[in-house]
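Here is how the chains run, residue by residue.
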2 protein chains.
Amino acid sequence: MQFGFFDDKNREYVITRPDTPAPWINYLGASDYCAIISNNAGGYSFSQSPKSGRILRFRFNNIPEDRPGRYIYIRDRKDGDYWSVSWQPVAKPLREFKTECRHGLGYTKISSFYRGIGAQVTYFVPEKKRCEVWALEIENKSDKRRELDIFSYAEFCLWNSELDMKDYQYILYTAKTCFRGGLIDYRLQFGDGSLKKAFFGSTGKTEGFDSVRESFVGQYRSEKNPVAVEKGYCLSSSQEGGNPCGSLQVRMTLEPGESKRVNFVMGEVNSPGDGSRAIRYFKKKNSVEKELEKISKLWSKKLSAMQCSTGIKAFDTMFNIWNQYQCHTTFSWSRSASYIEAGGRDGLGYRDSLQDILGVVHSIPERVRARLVELLKAQTSKGCAFHHIQPLTMKTGGGSFPDRGAIYSDDHLWLGIAVGAYVKETGDRKFLFQNIPYIDKGAASVYSHLLKSVDFSLNNLGPRGLCLGLAADWNDCINLYGKGQSVWSSMLLVRSLDEIIQLAGYAGKKADAMKLKKLKRKISDRINRVAWDGKWYLRAYVDSGRKVGSSSCREGKIFVNPQSWAVMSGVAEPGKARLCLASVSRYLNTKFGIRLLAPAYAKYDREIGSITSFPKGLKENAGIFCHANPWVVIAECIMKNPERAFKYCYNILPGAYNSDSDKRKAEPYVYSQFTTGKENGNFGQTKNPWLTGTAAWCFIASAAYILGVRPDFDGLVVDPCIPLKMKKVNVKRYFRGALYDIHVERRKGLTSSRTLLNGSELKGIKIPLQKKGSKNKVFVFLPS
Amino acid sequence: MQFGFFDDKNREYVITRPDTPAPWINYLGASDYCAIISNNAGGYSFSQSPKSGRILRFRFNNIPEDRPGRYIYIRDRKDGDYWSVSWQPVAKPLREFKTECRHGLGYTKISSFYRGIGAQVTYFVPEKKRCEVWALEIENKSDKRRELDIFSYAEFCLWNSELDMKDYQYILYTAKTCFRGGLIDYRLQFGDGSLKKAFFGSTGKTEGFDSVRESFVGQYRSEKNPVAVEKGYCLSSSQEGGNPCGSLQVRMTLEPGESKRVNFVMGEVNSPGDGSRAIRYFKKKNSVEKELEKISKLWSKKLSAMQCSTGIKAFDTMFNIWNQYQCHTTFSWSRSASYIEAGGRDGLGYRDSLQDILGVVHSIPERVRARLVELLKAQTSKGCAFHHIQPLTMKTGGGSFPDRGAIYSDDHLWLGIAVGAYVKETGDRKFLFQNIPYIDKGAASVYSHLLKSVDFSLNNLGPRGLCLGLAADWNDCINLYGKGQSVWSSMLLVRSLDEIIQLAGYAGKKADAMKLKKLKRKISDRINRVAWDGKWYLRAYVDSGRKVGSSSCREGKIFVNPQSWAVMSGVAEPGKARLCLASVSRYLNTKFGIRLLAPAYAKYDREIGSITSFPKGLKENAGIFCHANPWVVIAECIMKNPERAFKYCYNILPGAYNSDSDKRKAEPYVYSQFTTGKENGNFGQTKNPWLTGTAAWCFIASAAYILGVRPDFDGLVVDPCIPLKMKKVNVKRYFRGALYDIHVERRKGLTSSRTLLNGSELKGIKIPLQKKGSKNKVFVFLPS
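What this report covers is the structure whose coordinates are included nearby. (Residues numbered from 1 in each chain as written. Chains lettered and ligands numbered in written order. Predicted model: local features only at pLDDT ≥ 70, side-chain atom pairs only at ≥ 80, totals over all residues. Heavy atoms only, no water.)

**Topic: the relation of the copies chain B and chain A**
When chain B is fitted onto chain A, the two copies agree to an RMSD of 0.1 Å after a turn of 180 degrees and an axial shift of 0.0 Å. Expressed as a symmetry operation, the mapping of one chain copy onto the other fits a two-fold axis. Measuring from the rotation axis to each C-alpha of chain B, the shortest distance belongs to Met165(B), at 3.8 Å. Taken together, the interface assignments show that 100% of the residues at the interface of chain B recur at the interface of chain A, consistent with an identical surface on both copies. (Least-squares fit on C-alpha atoms with pLDDT ≥ 70 in both. Contact = heavy atoms within 4.5 Å.)

Rendered as structure tokens:
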């Protein structure tokens, strides 16, 4: 069953049935202020931090679901009938109430038609402002004069999301709301004296207001039937203490055919007058259109860095719009705020952010550079890093060091890969020599930071010479304490070394490069010696020496990651590479994607860790953990298996499931963390959408491997690995200021591919750097 | 407006209007299993720990309020009309739906009548079992045969309340539910391998079940209109992952006049078969009656240790039933679980528990002794203590020591007062010599622990020789860092010394007693020298040396605690005592109780602390902080001002406000943490009911000071300080196994009071110890 469609021209996903199988959300705001909004106008907002800067409250995992939100109620003064512009929360019967939601890039439009009244509200966060706008337009499509009351409504959060959820004996006695200068004024002072302020105002004439939740909603009622709306008037409530809300009542008389507009604006107050300035601005004609235009341009710019046309609609839609949009979202908000991530985990996941970078570095390299600096500052002088950081409050050089139990075997190793991606994209060699402090003590060049990351892993090897697993590796649930060793982390070390070797060359450190090459070979050989299981690679050795991911195991015989990474890191020579990828196809693949392991664990195993505690088929315990899928796509491309690569890519492509949304549940326009595996009754349901490393890696798999466009220090590699069903492929890629307009086609009779730059045949597959501002035509002809 | 009445005969509060101004709750279960339930059947349950053993989920501070709960839906098969036994969540119009809720001691009965069907459900936790029973009886009062479907419903929590509230990307993939052996079987395994299990079953024939919340409730619905009830059948849903619930469908056909019963039982599974054993037991005839009888006897025993009759109904009702019930509740659950305390703070508050002891030591001395041992084990060898402990997981002697910033100036000083109360009640001299470990290292006698508590304070004096304020004193919001000193903590030290001096005497440590007496005098003198402000005592000196609570201050000129404690500790000689109590009456008293300070702080003052961050009139910032009120009652009794003492007592007596419940909001049968002060728009609303030290201290103020019955080592002091409106007072008090039946009357012509024991006149006011099992008549004649 489908609930909507992709409108690629407008870069929108259009929801035509509001009773989606889960709230389908969107993210408004791309820097300091974030508003999450669902297709039924549910959601919340925060400024800078979802943990400490929460402005609008949300009830997660709630019954009734998806409450509260940014609601606009309309009440007909004549008969008292009322509804909401969004279907929820009033939820008029869908046979009389028509509605549509358009999630666009940085805005959401919800429109409805009920009893002759058309209404549309556009929600957005203006660029570089800490506020959100609800721009409402109401049209009388009936043949009678209509007298309406409009009530906006939102429930404020008590700023600190944890206290707001838990410490009622304190936090319920801190807020102050009142109506002042034409605005709802909300402020809250914490015990340390810090003061937070917000406002809510409208560009219309305020007929009434409420700033106390209980006054607006009424006792034993809900957002579905607030007493103020039912009675037709707000109570002008103000309060010190309790639960603050914002509701503004505006009156409208509409002649037949007439339409009127009013904007509601809510936001944080950082300087006195922020609120009234915002209202003044949005009273101006076309201000809404101007701001929406800015947002549209911003996104056009972000997305235009790479666009493709392959003839496969779901792939193109995801690649050109939604996958990239999701990449920017994960880059902005890491894993901190969604409908699943409740905001307790603030700031940046270390490994998460280093991977998120890969999905946006072609589009916003300057922001990536700044992010890399933040992350490098959270590395210790011993090379390991904090697993999780909050740049807003992080102190550098203060002597802090993570507890041994909080050190992961992979966090620091992603640095090489992320820095490599940045330098290849930009050619910013100087960055490698930039001096950056360590979090505990001292400072060194970026390049030295990378060497330290390798040092840490070399100083933490286990008895078989593989990386100790420590708290965990990429798989948070494999907890190999003691002498437990991770085969996968060892492969990551090799892959990271490969990148650092290239960077050493680019930095002119030839001796280092030589030394690191030897080291890389040594570790690769060792992995092949101690971790090859005959048809695939092992996953780990536990503390007591038992194997994990071996054909000799009863459960968890094979894991996907050591296979994909054996290829990605170059550890596997071609024979082993083919064998282990064939094993993935045979034992792990399903129609909804590749499982993380098989067979699922049925019994808790302390030495392997919490992965064995999950029910079968959920999360890492043989779930289809999406993040690991593009790694197999990449490996298959490396091994030149375009058909298998594309099948794997398509199996997890959200847009390909649009007409199965009832079974799938989550949004068809974004990747999820995992899809439920076979062993679970809900096989194929997809869970934890939006904030997942899947986004960045699916983009890389598609962009750099299937389409094959990969930046290098001295040029752009074009090495497509496309399936037969892609007849003609066009890719537009900006790289170091030049445009490359790439056309890929199959040609009969060719035995190997040919590459032409601006009409001239090239020797290899790397396009040399072209002048800034130049537009270049690249043709790649593949054997058919 | 009133919503119910006190039914003293049945020891119940009867709620006749279900739309109470807030959910009015009750606590079921007195030891390991706790079920909190509101008058609309909302609430939650936990086993042992509300933080890690949460069985039923609750949505705190929610819209719609008071959800979810322990719901029973009734559906008429003929027309599909359905309702709930409690008014909420279906909420049929109150003109057709009649209902009553009886909160009793350890049980809650909710009954209703709708369309000819009478229903009553009795909720209780059987003694010494980790389960809860919902005993339902349905009667067909119509003249037609009725075919009904009954659906029980509760929403399980994912055991760990914090993860349940926050970590959805993990915790939503851990639960497993199914129907097995006639029961809903719910289990959840955590990442460390620990396994939690619960069951839900019925004694009726199960017609259907649901164990998946979304299946029972349905999408975009709520507990008000669950799809299973609306359609008339459960979906037999089971699941691994997601949100587990329990619903059991039972079918009933009732002839006119016929009634039927069915019991639903839910609980924790600790040994295999716990669930089916419980169901088998509650299938037996009269099992419910038997268990309710046990609960009734238990409470009769607990309450009978002290009962009074004063002719003032609200006082007697509160004293004999509800105040003592609340004292046992605070003793059991400290500050961990209510509708306000969301369970994040598990275990015992240190100072809280030492004070809670005072309200129950006469009733359950053996449990108090065990609690004292737990608390003494959390004292350090330096004398200070952990502010908060969890006895279930606490390790003793493990070298842990609180951070300097987490040491309070009062926690350890309550030990002397609590141990004194226990030893005076029981005469258990041996306890003083019991060896108990310190939490960090070493062990010593209880008596030595007490000396250490004094040592810590003496080792932490400020420049004026007063106790440093440290993190805070009793007032959590006065944070006098650095050289800041607390006058009040210094008075507490004196009061504690007084108790320890008495204990030293009782322990035969005369030299210690002499030494401590001198010390006490010295500190008392010092307080009078540096902390007397002319008409009252100062509250503190901040780090920079400024005064707090002085007539020279602009805000916070006078605080109540240094005045009441100057008298309670004996620091104030009579002249100063009279002056400072007069100042309390003049500057701090209101019709709803005594404010903590005046005038309220309007501006944040870092040196004073977070008290200055609250809005005026809320919490400690000039709110009527109830806990501090009985201290003034005690001081007035010490100063022989019975009228003022009783007025203060009555001003905060919840039962006295029964007919003002609409303004008061909270339950009229329990004390709250505070009543909103004058400066706030909601003056007189009372907040944070149930878990407050107010309970124990109001009991002490009434029992030991107004009624004047105070245990001593060698007898029972009877020293009533009653107002004129109490004509005749009778007190029944068990003390060391003997009953004292005390009659107090006024007699004309007396110049001083007379005390007669069993007909013989005594010289003082102390009744010497009488034989165990003896019944003794005591007459006290007061001058009229």
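**Description of the environment of Lys665(B)**
Residue and element names in this part refer to chain B. Mapping Lys665 onto the fold places it in the loop between helix H18 (661–664) and strand S35 (672–675). You can call Lys665 partly exposed: its relative accessible area is 31%. For the pair Lys665 and Ser304, spaced 361 residues apart in sequence, the C-alpha to C-alpha distance is 30 Å. Once you skip the residues sitting within four places of it in the chain, Lys665 turns out to touch Pro21, Ala22, Trp24 and Gln685. (Helix = DSSP H or I, 4+ residues; strand = E, 2+ residues; numbered from the N terminus. Buried < 20%, exposed > 50% of the residue type's maximum accessible area, 1.4 Å probe, protein only.)

**Things to note about the side chain of Ser486(A)**
All names here are of chain A. Position of Ser486 relative to the elements: it lies in strand S27 (residues 485–486). For Ser486, a relative accessible area of 0% gives the class buried. Among the polar contacts listed, one links the side chain of Ser486 to the side chain of Asp473, at a separation of 2.6 Å. In this structure, Ser486 is in contact with Leu466, Cys467, Leu468, Gly469, Asp473, Leu480, Arg539 and Ala540, ignoring residues within four places of it in sequence. (Polar contact = N/O pair within 3.5 Å; in protein donor to acceptor, adjacent residues only side chain to side chain.)

**What about the sheet that holds strand S36 (residues 686–689) of chain A?**
Residue and element names in this part refer to chain A. As summarised here, the arrangement of the 3 strands in space is S34-S35-S36, forming an open sheet in which the pairing is antiparallel. Only two strands of the sheet have a single neighbouring strand rather than two, namely strand S34 (624–625) and S36. Here 3 bridges tie strand S35 (residues 672–675) to S36, and the two strands are oriented antiparallel to one another. In the sheet register, Thr675 faces S36, and the bridge partner there is Thr686. (Pairing = 2+ DSSP bridges.)

**Things to note about the packing of helix H12 (residues 487–506) of chain B against helix H14 (residues 561–568) of chain B**
All names here are of chain B. Viewed as axis vectors pointing N to C, H12 and H14 meet at an angle of 20 degrees, and their least axial separation amounts to 9 Å. For the element pair H12 / H14, the angle class is roughly parallel. At the point where H12 passes H14, the crossing takes the left-handed sense. Contacts between H12 and H14 involve Trp488, Met491, Leu492 and Arg495 on the former and, on the latter, Asn561, Pro562, Trp565, Ala566 and Met568. (Axes fitted to C-alpha atoms, helices over the stretch in contact; angles between N-to-C directions. Parallel < 35°, antiparallel > 145°, perpendicular 65-115°, else oblique. Left-handed = near helix turned anticlockwise from the far one by under 90°.)

**Thoughts on the pairing of strand S5 (residues 43–47) of chain A**
Residue and element names in this part refer to chain A. For S5, the tally of buried residues reaches 5 of 5 residues, placing the bulk of the element in the interior. Neither face of S5 is exposed, since Gly43, Ser45 and Ser47 on one face and Tyr44 and Phe46 on the opposite face are all buried. Judged from the 5 bridges that link them, strand S4 (residues 33–38) and S5 form a sheet pairing that is antiparallel. Bridging from a neighbouring strand, Ile37 pairs with Gly43 of S5. Between S4 and S5, which pair antiparallel and follow one another directly, the connecting turn spans 4 residues, one of which, Ala41, has a positive phi of 70 degrees. Adjacent in sequence and paired antiparallel, S5 and strand S6 (residues 54–56) are bridged by 6 residues, among which Gln48 carries a positive phi angle near 65 degrees.

**Some points on the interface of chain B and chain A**
Contacts between the two partners involve 62 residues from chain B and, on the opposite side, 62 residues from chain A. Taken over both partners, the interface formed by chain B and chain A buries close to 5,100 Å², and the fraction arising from carbon and sulfur atoms is 53%. Summed over the three residues of chain B that lose the most area to chain A, namely Ile63(B), Tyr173(B) and Tyr220(B), the buried surface amounts to 19% of that side. Run the count over chain B and chain A and you get 2 salt bridges. For the interface between chain B and chain A, the tally reads 32 residue pairs in polar contact (both at pLDDT 80 or more). Secondary structure elements with two or more residues in the side of chain B that touches chain A: helix H1 (161–166), helix H2 (168–171), strand S14 (175–180), helix H3 (213–217), strand S18 (239–240), S35 and strand S36 (686–689) of chain B. Considered class by class, the residues forming the side of chain B that touches chain A number 24 nonpolar, 22 polar and 16 charged. (Buried area = accessible area lost by both parts, 1.4 Å probe. Salt bridge = Lys/Arg side-chain N within 4 Å of Asp/Glu carboxyl O. Nonpolar A, V, L, I, M, F, W, Y, C, P; charged D, E, K, R; others polar.)

**Some words on helix H10 (residues 414–426) of chain A**
All names here are of chain A. Between its terminal C-alpha atoms H10 stretches 18 Å, which fits the 18 Å expected from 13 residues at 1.5 Å a residue. For H10, a buried count of 12 out of 13 residues is recorded, marking the element as mostly surrounded by other parts of the structure. For H10, the set of buried residues is Trp414, Leu415, Gly416, Ile417, Ala418, Val419, Gly420, Ala421, Tyr422, Val423, Lys424 and Glu425. Following H10 by one or two positions, Gly427 has its phi on the positive side, about 70 degrees. (Expected span 1.5 Å × (residues − 1).)

**Side note on the sheet that holds strand S37 (residues 709–712) of chain B**
Residues and elements named next belong to chain B. Strand order in the open sheet made by the 3 strands is S37-S38-S43, with antiparallel pairing throughout. Each of the sheet's edge strands pairs with one partner strand only, and the pair in question is S37 and strand S43 (766–768). Mean inter-strand twist for the sheet, computed between neighbouring axes without regard to direction, equals 25 degrees. In this structure, strand S38 (residues 715–718) lies alongside S43, joined through 3 bridges in antiparallel fashion. Residue pairing for S43: Gly715 is matched across the bridge by Pro768.

**What to know about the packing of aromatic side chains**
Residues and elements named next belong to chain A. Summed over the entire model, instances satisfying the criterion amount to 117 aromatic pairs over all chains. Both rings, one in Tyr27 and one in Trp690, keep their centres 4.8 Å apart while their planes meet at 55 degrees; by these two values the pair is tilted. Of this pair, Tyr27 sits in strand S3 (residues 25–28) while Trp690 is found in the loop between S36 and helix H19 (694–706), placing the two residues 663 residues apart along the sequence. Like Trp690, Tyr27 is buried. When the centroid spacing of 5.5 Å and the interplanar angle of 70 degrees are considered together, the rings of Trp536 and Tyr587 count as edge-to-face. Of the two residues, Trp536 is situated in the loop between helix H13 (510–531) and strand S28 (540–541) and Tyr587 in helix H15 (residues 574–588); the sequence distance between them amounts to 51 residues. Each member of the aromatic cluster is reached from another via a ring pair, and the members are Phe3, Phe6, Tyr13, Trp24, Tyr27, Trp299, Trp322, Tyr325, Tyr669 and Trp690. When the ring centre of Tyr657 is taken as reference, the NZ or CZ atom of Arg664 above it lies at 4.0 Å. The side chain of Lys725 reaches across the aromatic face of Tyr650, ending 5.7 Å from its centre. (Phe/Tyr/Trp six-rings, centres within 6.5 Å; stacked < 30°, edge-to-face > 60°. Lys NZ or Arg CZ within 6 Å of the ring centre and 35° of its normal.)

**Some points on the pattern of salt bridges**
Tallied over the entire structure, the rule returns 114 salt bridges over all chains. Measuring nitrogen to oxygen at the nearest pair gives 3.8 Å for the salt bridge that ties Arg747(A) to Glu745(A). Linking Asp660(B) and Lys663(B) is a salt bridge whose minimum nitrogen-to-oxygen distance equals 3.8 Å. Through salt bridges with shared partners, a single ionic network connects Arg57(A), Arg59(A), Arg67(A), Glu155(A), Asp164(A), Arg213(A), Glu214(A) and Glu223(A).

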